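Reading the structure
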Amino acid sequence: ASLIPSIASAEDTVDYAEIIFGNVPQYTNMNERYANYMVAATEQGRTGTKSVKDAGGDSMWLDINDNFMFDLPEDTPVDITVEYFDKGNGHFNIHYDSHNPDKEWSGLASNDVYKETEIVHLENTNEWKSHTFHIEDMRAANRIYGGDLRLSVWSPTLRKSKEDVLWGSIKI
């Protein structure tokens, strides 16, 4: 597990945070804190990052540049768009640092950080798609392993996805 630094190219002049995954990911105001057993994979000529759940690769921890977004006030709306390749019958969602964390969280005696978004279920269309998560209670105070959110094929309610998921990008 290595920390991947963000690239500081023009980050001060853009109003978004984004990672475009691929053989050489492009980082803007966001970086990977820990990409747990993810691999580059290509579908329809586009390369992204794919989970390898059987090797333990169920989540990718992400950190938003603190100069861009840090310790948001309650009720601040945040939209996070994830591009993914819709193949198979898996699922994914986002777990994020919340002002109103889920009271119960599998594996934790008490939870004062995590909240999960709705779950995106793949429909096996074999197309690149996107889903926008609308979040009203994100805190983004570096409380998830030093980061702010994680993109995951694991959910406390559904457990691990039946299949791996290939992501093309994530943008806030």
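Structure report, in brief. All values reported here derive from a predicted model rather than from experimental measurement. (Residues numbered from 1 in each chain as written. Predicted model: local features only at pLDDT ≥ 70, side-chain atom pairs only at ≥ 80, totals over all residues. Heavy atoms only, no water.)

**Structural notes on the overall build of the protein chain**
A tally of helices and strands in the protein chain yields zero helices and 15 strands. At 15 Å, the protein chain has a C-alpha radius of gyration in line with the 16 Å of a compact globule built from 172 residues. Its C-alpha atoms give the protein chain principal-axis dimensions of about 40 × 40 × 30 Å. Taking all 172 residues of the protein chain together, the buried fraction comes to 47%. (Helix = DSSP H or I, 4+ residues; strand = E, 2+ residues; numbered from the N terminus. Rg over C-alpha atoms; globule rule 2.2 N^0.38 Å. Buried < 20%, exposed > 50% of the residue type's maximum accessible area, 1.4 Å probe, protein only.)

**Describing the environment of Asn-100**
Tracing the chain through its elements places Asn-100 in the loop between strand S8 (91–97) and strand S9 (114–116). With relative accessibility at 38%, the residue Asn-100 sits in the partly exposed group. Residues Asn-100 and Met-38 lie 62 residues apart in sequence; the distance between their C-alpha atoms is 29 Å. Excluding residues that lie within four positions of it along the chain, Asn-100 makes contacts with Glu-74, Lys-115 and Asp-137. (Contact = heavy atoms within 4.5 Å.)

**Regarding the pattern of salt bridges**
Using the criterion set out here, one finds seven salt bridges in the structure. Asp-137 is the salt-bridge partner of Lys-115, the closest N and O atoms lying 2.9 Å from each other. Of this pair, Lys-115 sits in strand S9 while Asp-137 sits in the loop between strand S11 (127–135) and strand S12 (149–152); the two residues are 22 residues apart in sequence, bridging distant segments of the chain. Take Lys-115: its relative accessible area is 22%, and that puts it in the partly exposed class. Residue Asp-137 is classed as buried on the basis of its relative accessible area of 8%. Among the charged side chains, a salt-bridge network with shared partners connects Asp-86, Glu-123 and Lys-129. (Salt bridge = Lys/Arg side-chain N within 4 Å of Asp/Glu carboxyl O.)

**Examining the nonpolar core**
Nonpolar side chains tend to gather and get buried jointly when the protein is soluble and globular. With 31 residues, the main nonpolar core has Ile-80, Phe-92, Met-138, Leu-149, Trp-167 and Ile-170 as its most contacted residues. Of all the secondary-structure elements, those providing two or more residues to this core are strand S6 (59–64), strand S7 (78–86), S8, S11, S12 and strand S15 (166–171). If you tally residues by element for this core, the top one is S7, at four residues. The contacts of Ile-170, once residues within four sequence positions are left out, are Ala-17, Glu-18, Ile-19, Phe-21, Met-30, Leu-62, Ile-80, Thr-81, Val-82, Ile-94 and Leu-149. The next biggest cluster of nonpolar side chains, apart from the first, holds six residues, and it includes Trp-61, Trp-105, Val-113 and Trp-154. (Core = buried A, V, L, I, M, F, W, Y, C linked by side-chain atoms within 4.5 Å.)

**A word on the packing of aromatic side chains**
Scanning all chains against the criterion turns up five aromatic pairs. Their ring planes at 75 degrees and their centres at 6.3 Å tell us that Phe-92 and Phe-133 sit as a pair that is edge-to-face. Pair noted here: Phe-92 is in strand S8 and Phe-133 is in strand S11, with a separation of 41 residues, a long-range link. Each of the two residues, Phe-92 as well as Phe-133, counts as buried. Grouped by ring-pair contacts, the aromatic residues Tyr-84, Phe-92, Phe-133 and Trp-167 constitute a single cluster. The positively charged end of Arg-46 is found above the aromatic ring belonging to Trp-128, 4.5 Å away from the centroid. (Phe/Tyr/Trp six-rings, centres within 6.5 Å; stacked < 30°, edge-to-face > 60°. Lys NZ or Arg CZ within 6 Å of the ring centre and 35° of its normal.)

**Overview of unusual backbone geometry**
Residues other than glycine seldom take positive phi values, yet Asn-126 does so here, at roughly 55 degrees. Mapped onto the elements, Asn-126 comes out in the loop between strand S10 (120–121) and S11. Despite not being glycine, Tyr-145 shows a phi value in the positive range, around 50 degrees. Positionally, Tyr-145 belongs in the loop between S11 and S12.

**Description of the pairing of S8**
Within S8, seven of the seven residues are buried, which leaves the element mostly enclosed by the surrounding structure. Along S8, one buried face is formed by His-91, Asn-93, His-95 and Asp-97 and the opposite face, lined by Phe-92, Ile-94 and Tyr-96, is buried too. The pairing of S8 with S12 spans four bridges and is classified as antiparallel. In the sheet register, His-95 faces S12, and the bridge partner there is Arg-150. (Pairing = 2+ DSSP bridges.)

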